[in-house]
Amino acid sequence: MIIHFLCYQLIKLVTGSELIMYQNYTFSFHTYQNISLMGKSVILYRNYTYSRRGVSGKHQYCSRKSTMRCNAKVTLNDDGSIRAAHEIHNHPPPQLMKLKSGHYIKI
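Worth saying up front: this structure is predicted, and the values here are computed from it rather than measured.

Here we come to the pattern of salt bridges. Tallying each qualifying case throughout the model produces two salt bridges. As a salt-bridge pair, R46 and E87 come within 3.0 Å of each other at their nearest N and O atoms. Of the two residues, R46 sits in the loop between strand 6 (40-45) and strand 7 (48-52) while E87 sits in the loop between strand 10 (82-86) and strand 11 (96-98), which places them 41 residues apart along the sequence. Given the relative accessible area of 41%, R46 is considered partly exposed. In this structure E87 comes out as partly exposed when scored by relative accessible area, which is 31%.

See the structure below:
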């Protein structure tokens, strides 16, 4: 289903997600969580974890960049929203369990 308003199109996908199309570009709204995983602060985005590299924290790389040589990464805007995401991983997502304390552990 496509709903037109002004010069934007709102596209509802069969998965339930929504996209906005503007001047032949598509934009999606995906949120992430800042979580504590085994004592380290990471981003949980679409079932994968990302760690900050560098001083600014704008570039978040797959937590398995070193061990699996995974090139997936997320780039954040100054306000913390996702500006860009390269989501192609060479491994399945980690299996995580949330503890009562709110922290996560790998299982």
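Moving on, there is more to tell.
Let's shift gears to the pairing of strand 10. Judged from the four bridges that link them, strand 9 (residues 73-76) and strand 10 form a sheet pairing that is antiparallel. Bridge pairing links K73 to H86 in strand 10. Between the end of strand 9 and the start of strand 10, which pair antiparallel, lie five residues, with G80 showing a positive phi angle near 90 degrees.

Nonpolar side chains in soluble globular proteins tend to be buried together. Among the nonpolar cores identified, the biggest contains nine residues, and these are I43, Y45, Y48, Y50, C62, C70, A72, V74 and L76. Contributions of two or more residues to this core are made by strand 6, strand 7 and strand 9. Filtering out sequence-adjacent residues up to four positions away, Y50 remains in contact with V42, I43, Y45, Q60, Y61, C62, S63, A72, K73, V74 and H89. Within the second largest apolar cluster, five residues are counted, among which are I35, L37, L44 and Y104.

Criteria and cut-off values
Residues numbered from 1 in each chain as written. Predicted model: local features only at pLDDT ≥ 70, side-chain atom pairs only at ≥ 80, totals over all residues. Heavy atoms only, no water. Salt bridge = Lys/Arg side-chain N within 4 Å of Asp/Glu carboxyl O. Helix = DSSP H or I, 4+ residues; strand = E, 2+ residues; numbered from the N terminus. Buried < 20%, exposed > 50% of the residue type's maximum accessible area, 1.4 Å probe, protein only. Pairing = 2+ DSSP bridges. Core = buried A, V, L, I, M, F, W, Y, C linked by side-chain atoms within 4.5 Å. Contact = heavy atoms within 4.5 Å.

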